[in-house]
Amino acid sequence: MQKKIHSALVSVFNKEGLEPLVRVLHAHEVTIYSTGGTQQYIEQLGIECVPVESVTDYPSILGGRVKTLHPKIFGGILGRRGLEQDLKEMREYEIPEIDMVVVDLYPFEETVAQTNEEKLIIEKIDIGGPSMIRAAAKNFSDLLVVASKNDYAAIVQLLEEQSCSTDLLQRKAFASKAFNVVAHYDVAIANYFSEGTPEQFLISEGNPSVLRYGENPHQKGVFYGKLENLFKQLHGKELSYNNLVDIDAAIQLIHEFKDEQETTFAIIKHTNVCGIASRQSTGAAWKEALQGDPESAFGGVLVSNGKIDAVTAALINEIFFEVLIAPEFDDAAFEILAAKKNRILLCMHSFELPQQHYKSVLNGTLVQDADFSHQEKWEAMGTRECSPMERNDLQFANKVCKHLKSNAIALVKNKQLIGKGCGQTSRIDSLRHAIEKAKQFNFELQGAVMASDAFFPFDDCVRMGHQEGITAFIQPGGSIRDKDSIDYCVAHGLSMVITGLRHFKH
């Protein structure tokens, strides 16, 4: 059964898109109640409205902090039309029935993003708005609540099609949206006031994107977030769940090289880096990254911190890949790469990575600080200091190894990943895989360096690496048997650096 709207309370901060809604209400002879800036806006449109002050017999006070918080307003919203006692009391206290509430909240999150001045931020905590939204949503059996300017157009169409009437299911649907609006608003405020570890885990992300499916076709998938803040999609199909997971890994990795003078190019497959190199040009970096493991690169996610030019695009165009991320594409490069309609091309913006990571486990959520560090110290423990070239390669390898699944080993030579082992249950197995990969693609291991994401529990990895020609090692240390690996390096003229910082990644 539909209910006719005879009266509406309109109180919004942002007036964008409000005019068509106000006009359709006026066209259907709806009594409009309003206050402050919204009242002035409506009257400037030539539409009559009833000031809230004339209902409450109370002016707006405390610099506008108290306007609608009054029994005559909330009684008109919360009064149950099907309950005679409520109707009796509303008549007794001259409380008008309100059939529709339109509220747009103070822009708290936007203010936090724009200023650190607490006084300004506090004044953008809306009190009356959320209260009216909650009251109207609670009483959805009798009221329609509109809590977002994004819904104005849909409401205008609905009211025009249904002669300014709504049914119960429609009102309940908008009530659900309204509760989501105030929940998100409250989370933003609570998180602003939280210092250190909050008493409750609070997170609210809007703009859900329904994905084609989750990790596998039989799983549903949704992404909550604002991808437009990170990059602009220039071309290609809709991003999938697995695309997003790999893109996250790619962006986490490439940010390690944002301050480097050279251009870095990396290839990601199932969140692990399978090829990466730093060179003077984007094209050279791409060629060296691909050489690291051309088989695994098939169907991968590619990322570079350099501009993609036509020469590089022509080289990349020779293989099949899912996604290419870069800060810039020249016109000729885009034309080459966009020839295949499904290729996803993302132009990456400059942005800061999130400070915390979240992971769903069991019946809860793990939260941890993001791992932005590389080492707590640089302590040479072998026979000798590493050479300048070894130092550059060790730093490079340490960054790369940090982004491989544990147990992780990275073999690097001349700022090129030439072998890697990851996700193994023993460190020595990861090293075997890394050596096998290097030999598979004909890399010379003599003079290469090795990085490990965690300490060497025995000297077996150092011993095996040395036998293959590796001359320098970097690891966090911390094993009760660190001395075994160090003594081996000392005895064989090898360089070993202890960083004091582990980089497990599960």
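Residues numbered from 1 in each chain as written. Predicted model: local features only at pLDDT ≥ 70, side-chain atom pairs only at ≥ 80, totals over all residues. Heavy atoms only, no water.

**Some words on the pattern of salt bridges**
Alright, step 1. One pass over the full model with this rule turns up 23 salt bridges.
Alright, step 2. In this structure, the salt-bridge partner of D99 is R81, at a minimum N-O distance of 3.5 Å. A residue pair is termed long-range when its members are at least 10 positions apart, and D99 in the loop between α5 (84-92) and β5 (100-104) and R81 in the loop between α4 (71-78) and α5 qualify at 18 residues.
Alright, step 3. A network of salt bridges, in which partner residues are shared, links R81, E97 and D99. (Salt bridge = Lys/Arg side-chain N within 4 Å of Asp/Glu carboxyl O. Helix = DSSP H or I, 4+ residues; strand = E, 2+ residues; numbered from the N terminus.)

**Some remarks on the sheet that holds strand β19 (residues 409-412)**
Alright, step 1. With mixed pairing, the 6 strands of this open sheet are ordered in space as β18-β23-β22-β21-β19-β20. The open sheet has two free edges, formed respectively by β18 (379-380) and β20 (417-421), since each of these has just one partner strand.
Alright, step 2. Note: β19 against strand β21 (residues 449-452), 4 bridges, orientation antiparallel. Paired with V412 across the strands is V449, a residue of β21.
Alright, step 3. Sitting on the sheet, helix α17 (residues 460-467) touches β21, β22 (472-475) and β23 (495-498), and the angle it makes with β22 is about 150°. (Pairing = 2+ DSSP bridges. Contact = heavy atoms within 4.5 Å. Axes fitted to C-alpha atoms, helices over the stretch in contact; angles between N-to-C directions.)

**With respect to the environment of Q261**
Alright, step 1. Mapping Q261 onto the fold places it in the loop between α11 (241-254) and β11 (263-269).
Alright, step 2. The class for Q261 is exposed, based on a relative accessible area of 79%.
Alright, step 3. Residues Q261 and I122, spaced 139 residues apart in sequence, show a C-alpha to C-alpha distance of 43 Å. (Buried < 20%, exposed > 50% of the residue type's maximum accessible area, 1.4 Å probe, protein only.)

**Description of helix α18 (residues 482-491)**
Alright, step 1. Of the residues making up α18, those classed as buried are D482, S485, I486, Y488 and C489. Looking straight down α18, one finds that the buried residues subtend no more than 155° of arc, so they occupy a single side. Exposed residues lying more than 90 degrees from the buried face of α18 are K483 and A491.
Alright, step 2. Of the surrounding elements, those touching the buried residues of α18 are α17, β22 and β23.
Alright, step 3. Positive phi shows up at G493, right after α18, with a value of about 70°. (Arc of directions from axis to C-beta.)

**Section: the sheet that holds strand β13 (residues 300-304)**
Through backbone hydrogen bonds, the strands of a sheet pair up, either in parallel or in antiparallel fashion.
Alright, step 1. Ordered in space as β10-β15-β14-β13-β11-β12, the 6 strands form an open sheet in which the pairing is mixed. The open sheet has two free edges, formed respectively by β10 (231-235) and β12 (272-279), since each of these has just one partner strand. With strand direction ignored, the average angle separating the axes of adjacent strands in the sheet is 20°.
Alright, step 2. Both β10 and strand β15 (residues 344-348) contribute to a ladder of 4 bridges, which runs antiparallel. Across the sheet, residue F231 finds its bridge partner in β15, namely M348.
Alright, step 3. Of the strands in this sheet, β11, β12 and β13 touch helix α12 (residues 282-291), which is tilted by about 35° from β11.

**What about the packing of aromatic side chains?**
Alright, step 1. Taken as a whole and assessed by the stated rule, the structure comprises 7 aromatic pairs.
Alright, step 2. Arranged with centres 6.4 Å apart and planes meeting at 65°, the rings of F108 and Y185 form a pair that is edge-to-face. Remark: Y185 occurs in helix α10 (residues 168-193) and F108 occurs in helix α6 (residues 108-114); sequence separation between them is 77 residues.
Alright, step 3. Relative accessible area serves as the criterion here: at 8%, Y185 is assigned to the buried category. (Phe/Tyr/Trp six-rings, centres within 6.5 Å; stacked < 30°, edge-to-face > 60°.)

**Brief notes about the confidence of the model for the protein chain**
Alright, step 1. The predicted model of the protein chain averages 91 in pLDDT, with 98% of residues at 70 or higher.
Alright, step 2. The secondary structure element of the protein chain with the lowest average pLDDT is helix α3 (residues 52-56), at 81, and the one with the highest is β19, at 97. (pLDDT = per-residue confidence, 0-100.)

**As for the packing of helix α1 (residues 18-27) against helix α9 (residues 152-161)**
Alright, step 1. The geometry of α1 relative to α9 is characterised by a closest axis approach of 9 Å and an angle of 20° between their N-to-C directions. In terms of orientation, α1 and α9 fall into the roughly parallel class. α9 is crossed by α1, and the crossing has left-handed handedness. Along the contact surface, α1 presents L18, P20, L21, V24 and L25, while α9 presents Y152, I155, V156, L159 and E160.
Alright, step 2. Looking at the contact of α1 with α9 residue by residue, the class counts come to 9 nonpolar, no polar and 1 charged. (Parallel < 35°, antiparallel > 145°, perpendicular 65-115°, else oblique. Left-handed = near helix turned anticlockwise from the far one by under 90°. Nonpolar A, V, L, I, M, F, W, Y, C, P; charged D, E, K, R; others polar.)

**Some thoughts on the pairing of β13**
Alright, step 1. Of all the 5 residues making up β13, 5 are buried; the element is thus mostly covered by neighbouring parts of the structure.
Alright, step 2. Here β13 shows a buried face lined by G300, L302 and S304 and a second buried face lined by V301 and V303.
Alright, step 3. Where β13 and strand β14 (residues 321-326) come together, 4 bridges link them in parallel fashion. Bridge pairing in β14 places L302 opposite L324.
Alright, step 4. Handedness of the crossover is the feature at issue here: the chain leaves β13, passes through helix α13 (residues 310-316), returns alongside β14, and the resulting connection is right-handed. (Right-handed = clockwise from strand over helix to strand, strands pointing away.)

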